[in-house]
Amino acid sequence: FLVIIVSNTLISIIQECICKMLQEDEIPLIYGELLLVINALKNNLLNPLQILISFLASLLKTIGSAFEINKCVYCGTKKDLVTFSFEDGGFLCRDCFQNDQINKVTPSQMLLIRQLFSYRKYDNPINNLSTSDLYIILDAMIEYIYDGIGVKIKTYNLLKD
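Residues numbered from 1 in each chain as written. Predicted model: local features only at pLDDT ≥ 70, side-chain atom pairs only at ≥ 80, totals over all residues. Heavy atoms only, no water.

### Some thoughts on the side chain of T155
Argument step 1. Looking at where T155 falls in the secondary structure, it is placed in the loop between helix 5 (131-149) and helix 6 (156-160).
Argument step 2. Residue T155 is classed as buried on the basis of its relative accessible area, which comes to 19%.
Argument step 3. Residue contacts for T155: discarding those within four places in its chain leaves T9, S12, I13 and E16. (Helix = DSSP H or I, 4+ residues; strand = E, 2+ residues; numbered from the N terminus. Buried < 20%, exposed > 50% of the residue type's maximum accessible area, 1.4 Å probe, protein only. Contact = heavy atoms within 4.5 Å.)

### A closer look at the nonpolar core
Argument step 1. Residues L56, F84, F117 and M141 are the most contacted members of the largest nonpolar core, which totals 45 residues.
Argument step 2. Elements that contribute at least two residues to this core include exactly helix 1 (2-21), helix 2 (31-42), helix 3 (48-62), helix 4 (107-118), helix 5 and helix 6.
Argument step 3. Top element by residues in this core is helix 3. It accounts for nine residues.
Argument step 4. With residues near it in sequence (within four places) discarded, M141 still touches I53, L56, A57, L60, F86 and F117. (Core = buried A, V, L, I, M, F, W, Y, C linked by side-chain atoms within 4.5 Å.)

### Remarks on helix 3
Argument step 1. Compared with the 21 Å implied by 1.5 Å per residue over 15 residues, the 21 Å span of helix 3 between its first and last C-alpha is a close match.
Argument step 2. Counting buried positions along helix 3 gives twelve out of 15 residues, so the element sits mostly inside the fold.
Argument step 3. Taking the backbone nitrogen of L49 as reference, a side-chain oxygen 2.7 Å away marks N47 as the first, capping residue of helix 3.
Argument step 4. Where helix 3 ends, the next residue or the one after it, G64, has phi of about 90°, a positive value. (Expected span 1.5 Å × (residues − 1). Polar contact = N/O pair within 3.5 Å; in protein donor to acceptor, adjacent residues only side chain to side chain.)

### A few points about the pattern of salt bridges
Argument step 1. Under the definition given, this model contains two salt bridges.
Argument step 2. The partner of E16 in a salt bridge is K20, and the shortest N-O contact between them spans 2.7 Å. With E16 and K20 both in helix 1 and four residues apart, the pair spans about one turn of that helix.
Argument step 3. Residue class for E16 comes out buried when judged on its relative accessible area of 11%.
Argument step 4. Note that R94 and D80 form a salt bridge whose closest N and O atoms lie 3.1 Å from each other. Here R94, found in the loop between strand 2 (90-93) and helix 4, pairs with D80, found in the loop between helix 3 and strand 1 (81-85); they are 14 residues apart in sequence, far enough to count as distant. (Salt bridge = Lys/Arg side-chain N within 4 Å of Asp/Glu carboxyl O.)

### A closer look at the pairing of strand 1
Argument step 1. Judged by how many residues are buried, strand 1 sits mostly within the fold: four of five residues are covered.
Argument step 2. Two strands pair when backbone bridges link them, and strand 1 and strand 2 are joined in this way by four bridges, in the antiparallel orientation. Bridging across to strand 2, S85 finds its partner in G90.
Argument step 3. Two successive antiparallel strands, strand 1 and strand 2, enclose a turn made up of four residues, where G89 displays a positive phi of approximately 95°. (Pairing = 2+ DSSP bridges.)

### Details of the state of the cysteines
Argument step 1. Taken as a whole and judged by the stated rule, the model has zero disulfides.
Argument step 2. Left without a disulfide partner, C19 is nearest to the cysteine sulfur of C17, which lies 9.5 Å away.
Argument step 3. Summary of cysteine pairing: C93 is not part of a disulfide, and the nearest cysteine sulfur, belonging to C75, is at 3.6 Å.
Argument step 4. Judged by its relative accessible area of 2%, C93 falls in the buried class. (Disulfide = S-S within 2.5 Å.)

### Focus: the confidence of the model for the protein
Argument step 1. With 89% of its residues at a pLDDT of 70 or more, the protein shows a mean pLDDT of 86.
Argument step 2. Mean pLDDT values for the elements of the protein range from 82 in helix 4 up to 92 in strand 2. (pLDDT = per-residue confidence, 0-100.)

### Describing helix 5
Argument step 1. Compared with the 27 Å implied by 1.5 Å per residue over 19 residues, the 26 Å span of helix 5 between its first and last C-alpha is a close match.
Argument step 2. Within helix 5, the full set of buried residues consists of D133, L134, I137, L138, M141, I142, Y144 and I145. Take helix 5 and look down its axis: the buried residues cluster within an arc of 165°, on one side only.
Argument step 3. Residue G150 follows helix 5 closely and has a positive phi angle near 85°. (Arc of directions from axis to C-beta.)

Spelled out as structure tokens, the structure:
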């Protein structure tokens, strides 16, 4: 029963995101992604939070707000990446990371972000997922969508309750 409630809540969040974040002519671009989400939910393939994060990452990419997950957003180095910043648009290396910035992302969360944002994960579960890590990433994404794009996802509160 709980799986049905979470799945319905997830679908409501996805529906709100699509309606608020996409223009009418962009909606067909996300159709294939929606089929993958529905299949993953129907077959209980993954943690629903993993599904939502992967979908939001794909949606952000569709609207042109993809994150840099392969190198530092400022200098381009692939070495010594120390954190991920939604505000800055991706990973930051030690040299570009400002001391006054709060490092909210742990190394395990950085790896999780890279896995979730790099390719579709609807049929490939990530091992050792921590629900708290998923919520930290999801909270940051929802905050980014509000602060960076100006869209408030109200139905997300249903998942948190």
